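Chain residues, written in single-letter form:
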Amino acid sequence: RSSRAPSLSPSQAPDSQRPSPKKAKTTGPGADSDSDDSVSVEKDPPPRKSPVGRRRSTSARGSVFAKQQQTRKAPGSILQDLNLRHNCLGSYGAILFAKVLSTNINLVRVNLAWNGIGGTGAEALAKALKDSQIQELDLRDNFLGGTPSFGSTLEGALSGHPNNHLRVLHLGGNGFTEATIGLFAKAIRGLLVLQTLNLNNNPAICCNRHGEH
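All of these numbers come straight from a predicted model, not from anything done at the bench.

Thoughts on the packing of aromatic side chains
What the rule picks out here adds up to two aromatic pairs. Seen from their ring centres, F150 and F184 are 6.1 Å apart, and the 15° between their planes marks the pair as stacked. Here the residue F150 occupies a position in helix α4 (residues 149-159), and F184 occupies one in helix α5 (residues 178-187), the gap between them amounting to 34 residues. Take F150 and F184: they sit in the same class, and that class is buried. With a centroid separation of 5.9 Å and an interplanar angle of 45°, the aromatic rings of F176 and F184 are classed as tilted. Classification of F184 by relative accessible area gives buried; the value is 1%. Grouped by ring-pair contacts, the aromatic residues F150, F176 and F184 constitute a single cluster.

Quick look at the structure:
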């Protein structure tokens, strides 16, 4: 007669003989391919920005751009000192630049010396001084005194509209004669706040009839 060992249910078996429960294997970006008992967690994708948020961002950038455009289109500029000495502007260049003198409200000092300005260019600059707000103008070594047009035009421009801004004016080396300096002398009465006038190196007005200084 053979004897059989009594069969035990899984709950009655010792711990060493109990079958281990199968662990669930998960797959995903964080899963470990070499281990069956690792558990990976798939992260949720980052939240997308709403269209409303994007529209607001674009609107903010557009607002900044609009302000920049308004700044560029504003009259005048922040430029205060401009030196164009010895640039061969000539009378035509002076005519174009005269518009800057009459419209720019922030320029304080302008140097146009040694530019061969005379005739029509001198007239244009004289007319521009009527509305100009610059405080110092350097016109040395041009040809403003070689023709009566500069003094007479300046007198006519300032007769009913005097200048209240120009304080320093350099006119040395412009070939003034007794006649042309006389016309200019009448015109400077319209430069109400002029404090410094430089007329050096104009031989015709620096010597008397006997050639004495």
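What about the environment of L125?
Within the secondary structure, L125 is located in helix α3 (residues 120-128). Sequence separation between L125 and F97 is 28 residues; the distance between their C-alpha atoms is 8.2 Å. Apart from residues lying up to four places away in sequence, L125 is in contact with A94, A98, L101, L112, I117 and L139.

Quick notes on the sheet that holds strand β3 (residues 136-138)
The strand order across the open sheet formed by five strands is β1-β2-β3-β4-β5, and the pairing between neighbours is parallel. One side of each edge strand has no neighbouring strand; the edge strands of this open sheet are β1 (81-83) and β5 (196-198). Between one strand and the next, the sheet's axes are offset by a mean angle of 0°, whatever the strand orientation.

Definitions and cut-offs
Residues numbered from 1 in each chain as written. Predicted model: local features only at pLDDT ≥ 70, side-chain atom pairs only at ≥ 80, totals over all residues. Heavy atoms only, no water. Phe/Tyr/Trp six-rings, centres within 6.5 Å; stacked < 30°, edge-to-face > 60°. Helix = DSSP H or I, 4+ residues; strand = E, 2+ residues; numbered from the N terminus. Buried < 20%, exposed > 50% of the residue type's maximum accessible area, 1.4 Å probe, protein only. Contact = heavy atoms within 4.5 Å. Pairing = 2+ DSSP bridges. Axes fitted to C-alpha atoms, helices over the stretch in contact; angles between N-to-C directions.

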